[in-house]
Protein chains: 2
Amino acid sequence: MEIHEYFPFWKHLTKEQQNRLSYSIRERKVPKGTILHNGAEDCVGLFVVQTGQLRVYTISDEGREITLYRLLERDICLFSASCIMSGIQFDIAVSADTDSVLYHIPPKIYQQLMRESAAVANYTNELMASRFSNVMWLFDQILYKRLDSRLAAFLVEEMELQETDELKMTHETIAQHLGSAREVISRMLKYFQNEKIVKLGRSSILILDEKKLRETASDSLRL
Amino acid sequence: MEIHEYFPFWKHLTKEQQNRLSYSIRERKVPKGTILHNGAEDCVGLFVVQTGQLRVYTISDEGREITLYRLLERDICLFSASCIMSGIQFDIAVSADTDSVLYHIPPKIYQQLMRESAAVANYTNELMASRFSNVMWLFDQILYKRLDSRLAAFLVEEMELQETDELKMTHETIAQHLGSAREVISRMLKYFQNEKIVKLGRSSILILDEKKLRETASDSLRL
């Protein structure tokens, strides 16, 4: 895939702006586990995921992590360039979940384009709004509904009842049990899968990490 | 104060854009308690606080509210115009904390200006980043550090020890007791004050709502 295909604003840039962006971009191969960004003081720049997967998370003083969201192919990591906006004042870390190939854009180049081009600035707005929505969803589920621990508790119970670590049940059924909606359950199950707690199959759920599942059941991810 | 003084991007607009914005703005007086925006389906537009105070909060299914942040004079309420960005998909509500005088900007007009002007788009970016930071701070304190309940528990204990509801102690002293930083304690105390749990004076803290303080102490704001 060509560089410009990653940027919906490409066609709104002048030839000179396109060149400036192209020339500044470097490909970067990072092995699994690489920490790309750590805290608000860091400002390495933007990353575009060509292949692989990045994880964006926060770390408590005690070292406990909560995954906020994951970035997959074609996604753009904005907060590793937190210095491009003065309003951003929170600490998150970004690491490579798998071996990944990334495009790196220097923060100054991107910031300059944002100032020059409404298309770039609005695209950045949409990116941030969508990340904000991810985070709000997660906190809403954890803080209010404790859906993480309720879902985990339900899975533990079913494991014990069915005496197996491969549960045969649909997301719809779980939603009915928990008084939730199928979409919400599917999303939280996917979150669990990303955290390597479960593996989702066709109408089955394989428990990979019973210990973490039990911890989550008794105490919610937030602790 | 003139309308244009509220908008740092004003001087970057063309005369025509300035007129379009000016003509679309209406003053709106709202009594205390008015709900201005409720959920992602709503898209009433942007509000600029002339006088008064707005509260931005989320509501759980059970009706429990958590205040995310407050908007004071000169602040701009962006999320009441959530339709201007497709990425925004979360439900918040906005209400008037006090009798307020607001400027109202229709969402379509603002959205059009954002598309035309990089200055408007970047300003909107900064607004969103700053709100995002507020929310991340709050969740970080509640989820990880349970600072809300630890601070409340400390204040309850001091009330009982000192046998008074007007505690004479500095934020620095509290920070030392809780192993935190003065800035963090001051910010959380201010949050409590906004929630009408305490009233802060010169080196004193008056407990206004002992019941809510005890609830927070035993269970954190998140429950």
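Predicted model, so just to flag it, every value in this text is computed and none were measured.

Engineer: Got a minute to help me understand the overall build of chain A in this structure?
Structural biologist: Looking only at helices and strands, chain A features seven helices and 11 strands. Considering only C-alpha atoms, chain A reaches an extent of 65 × 35 × 30 Å along its principal axes. For chain A, the proportion of its 223 residues judged to be buried stands at 54%. For chain A, the accessible area works out to roughly 10300 Å², and carbon and sulfur atoms hold 47% of it. Both charge centroids of chain A, one from 28 positive and one from 31 negative side chains, sit 5 Å from each other.

Engineer: Which parts of the structure should I look at to understand the sheet that holds strand S10 (residues 198-201) of chain B?
Structural biologist: Across the sheet, three strands lie side by side as S9-S11-S10 (chain B); this open sheet has antiparallel pairing. The two strands at the open ends of the sheet, each matched to only one other strand, are strand S9 (166-167) and S10 of chain B.

Engineer: What is the right way to look at the nonpolar core in this model?
Structural biologist: Inside soluble globular proteins, nonpolar side chains tend to come together where they are buried. Residues Phe7 and Leu155 of chain A together with Leu155 of chain B are the most contacted members of the largest nonpolar core, which totals 145 residues. Beyond its immediate chain neighbours, meaning those up to four positions away, Leu155 of chain B contacts Leu167, Ile174, Leu189, Phe192, Val198, Ile205, Ile207 and Leu213 of chain B.

Engineer: Honestly, the pattern of salt bridges in this entry has me stumped. Any pointers?
Structural biologist: A side chain of one charge can pair with a side chain of the opposite charge if their charged atoms are brought near each other. Residues and elements named next belong to chain B. Within this structure, the stated rule accounts for 20 salt bridges over all chains. When the shortest N-O distance is used, the salt bridge between Glu16 and Arg20 registers 2.8 Å. Here Glu16 pairs with Arg20, and both are found in helix H1 (residues 15-24), just four residues apart, close to one helical turn. On the basis of relative accessible area, Glu16 is assigned to the partly exposed category, the value being 46%.

Engineer: What is the right way to read the packing of aromatic side chains from this model?
Structural biologist: The geometry of an aromatic ring pair is captured by two quantities: the separation of the ring centres and the angle between the planes. Residue and element names in this part refer to chain A. Tallying each qualifying case throughout the model produces 11 aromatic pairs over all chains. Between Tyr6 and Tyr103, the aromatic rings sit 5.5 Å apart at their centres with planes inclined by 75°, giving edge-to-face as the arrangement. One end of the pair, Tyr6, is in the segment before helix H1 (15-24); the other, Tyr103, is in strand S8 (residues 100-105), with 97 residues separating them in the sequence. Looking at Tyr103, the relative accessible area reads 10%, which means it is buried. Note on Phe7 and Phe9: the rings are 5.2 Å apart at their centroids and 25° apart in plane angle, and the pair reads as stacked. Owing to a relative accessible area of 3%, Phe7 belongs among the buried residues under this scheme. The buried category is assigned to Phe9, whose relative accessible area is 3%. Here the aromatic residues Phe7, Phe9, Tyr110 and Tyr123 are joined through ring pairs into a cluster of three or more.

Engineer: Would you take a moment to explain the packing of H1 of chain B against helix H2 (residues 107-116) of chain B for this structure?
Structural biologist: Angle between the axes and distance between the axes are the two parameters that describe a pair of packed helices. Residue and element names in this part refer to chain B. Where H1 meets H2, the axes come as close as 10 Å, and the angle between the chain directions of the two elements is 160°. Between H1 and H2, the interaxial angle falls into the category roughly antiparallel. Judged by the twist between their axes, the crossing of H1 over H2 is left-handed. Counted together, Gln17, Arg20, Leu21 and Ser24 of H1 and Ile109, Gln112, Leu113 and Glu116 of H2 form the full contact between these two elements. Residue composition of the contact of H1 with H2, by class: three nonpolar, three polar and two charged.

Engineer: Would you mind going over helix H5 (residues 171-178) of chain A with me for this structure?
Structural biologist: Residue pairs spaced three or four apart in an α-helix point in one direction, given the helix's 3.6 residues per turn. Residues and elements named next belong to chain A. What H5 keeps buried is the set Ile174, Ala175 and Leu178. One face of H5 carries all of its buried residues, which in axial projection span an arc of 100°. What points out from H5, more than 90 degrees from its buried face, is the exposed set Gln176 and His177. On its buried face, H5 sits against helix H4 (147-162), helix H6 (182-194) and strand S11 (204-207). Immediately downstream of H5, the backbone of Gly179 shows phi near 60°, a positive value.

Engineer: When you look at the sheet that holds S11 of chain A in this model, what are you seeing that I'm missing?
Structural biologist: Remark on secondary structure: sheet strands pair via backbone hydrogen bonds, oriented parallel or antiparallel. All names here are of chain A. Ordered in space as S9-S11-S10, the three strands form an open sheet in which the pairing is antiparallel. The open sheet has two edge strands, strand S9 (166-167) and strand S10 (198-201), and neither has a second partner. In the sheet, S10 pairs with S11 via four bridges, with the strands oriented antiparallel. Looking at S11, one finds that Gly201 is bridged to Ser204. H6 rests against S10 and S11 of the sheet, and its axis sits at about 125° to S10.

Engineer: Where do I start with the confidence of the model for chain A in this structure?
Structural biologist: When pLDDT is averaged along chain A, the result is 89; 94% of the residues meet or exceed 70. Taken over the whole predicted complex, pTM reads 0.78, whereas the ipTM for its chain interfaces reads 0.76.

Engineer: I tried to follow the side chain of Ser133 of chain B on my own but got confused; where do I start?
Structural biologist: Residue placement: Ser133 of chain B occurs in helix H3 (residues 118-145). If near-sequence neighbours (up to four positions away) are discounted, Ser133 of chain B is found in contact with Gly87, Ile88, Gln89 and Phe90 of chain A.

Engineer: Looking at this model, I keep getting lost on the environment of Glu116 of chain A. Mind explaining?
Structural biologist: Residues and elements named next belong to chain A. Position of Glu116 among the secondary structure elements: in helix H2 (residues 107-116). Residues Glu116 and Gln17 lie 99 residues apart in sequence; the distance between their C-alpha atoms is 9.2 Å. A polar side-chain atom of Glu116 sits 3.0 Å from a polar atom in the side chain of Arg20.

Engineer: Would you take a moment to explain the state of the cysteines for this structure?
Structural biologist: Two cysteines joined by a covalent bond between their sulfur atoms form a disulfide. Residues and elements named next belong to chain A. Throughout the structure, instances matching the rule amount to two disulfides over all chains. One disulfide in the model links Cys43 with Cys83; its S-S distance is 1.8 Å. Looking down the S-S bond of the Cys43 and Cys83 bridge, the torsion is -70°, so its handedness is left-handed. Note that Cys43 is positioned in the loop between strand S2 (35-38) and strand S3 (46-51) and Cys83 in the loop between strand S6 (76-77) and strand S7 (93-96), a separation of 40 residues in sequence. Overall, the relative accessible area of 46% leaves Cys83 in the partly exposed class. Here Cys77 is not cross-linked by a disulfide; its sulfur's nearest cysteine counterpart is in Cys43, at 11 Å.

Definitions and cut-offs
- Residues numbered from 1 in each chain as written.
- Chains lettered and ligands numbered in written order.
- Predicted model: local features only at pLDDT ≥ 70, side-chain atom pairs only at ≥ 80, totals over all residues.
- Heavy atoms only, no water.
- Helix = DSSP H or I, 4+ residues; strand = E, 2+ residues; numbered from the N terminus.
- Buried < 20%, exposed > 50% of the residue type's maximum accessible area, 1.4 Å probe, protein only.
- Areas by Shrake-Rupley, 256 points an atom, 1.4 Å probe, with all protein chains shown as cover.
- Lys, Arg positive; Asp, Glu negative; His and termini not counted.
- Charge placed at Lys NZ, Arg CZ, Asp CG, Glu CD.
- Pairing = 2+ DSSP bridges.
- Core = buried A, V, L, I, M, F, W, Y, C linked by side-chain atoms within 4.5 Å.
- Contact = heavy atoms within 4.5 Å.
- Salt bridge = Lys/Arg side-chain N within 4 Å of Asp/Glu carboxyl O.
- Phe/Tyr/Trp six-rings, centres within 6.5 Å; stacked < 30°, edge-to-face > 60°.
- Axes fitted to C-alpha atoms, helices over the stretch in contact; angles between N-to-C directions.
- Parallel < 35°, antiparallel > 145°, perpendicular 65-115°, else oblique.
- Left-handed = near helix turned anticlockwise from the far one by under 90°.
- Nonpolar A, V, L, I, M, F, W, Y, C, P; charged D, E, K, R; others polar.
- Arc of directions from axis to C-beta.
- pLDDT = per-residue confidence, 0-100.
- Polar contact = N/O pair within 3.5 Å; in protein donor to acceptor, adjacent residues only side chain to side chain.
- Disulfide = S-S within 2.5 Å.

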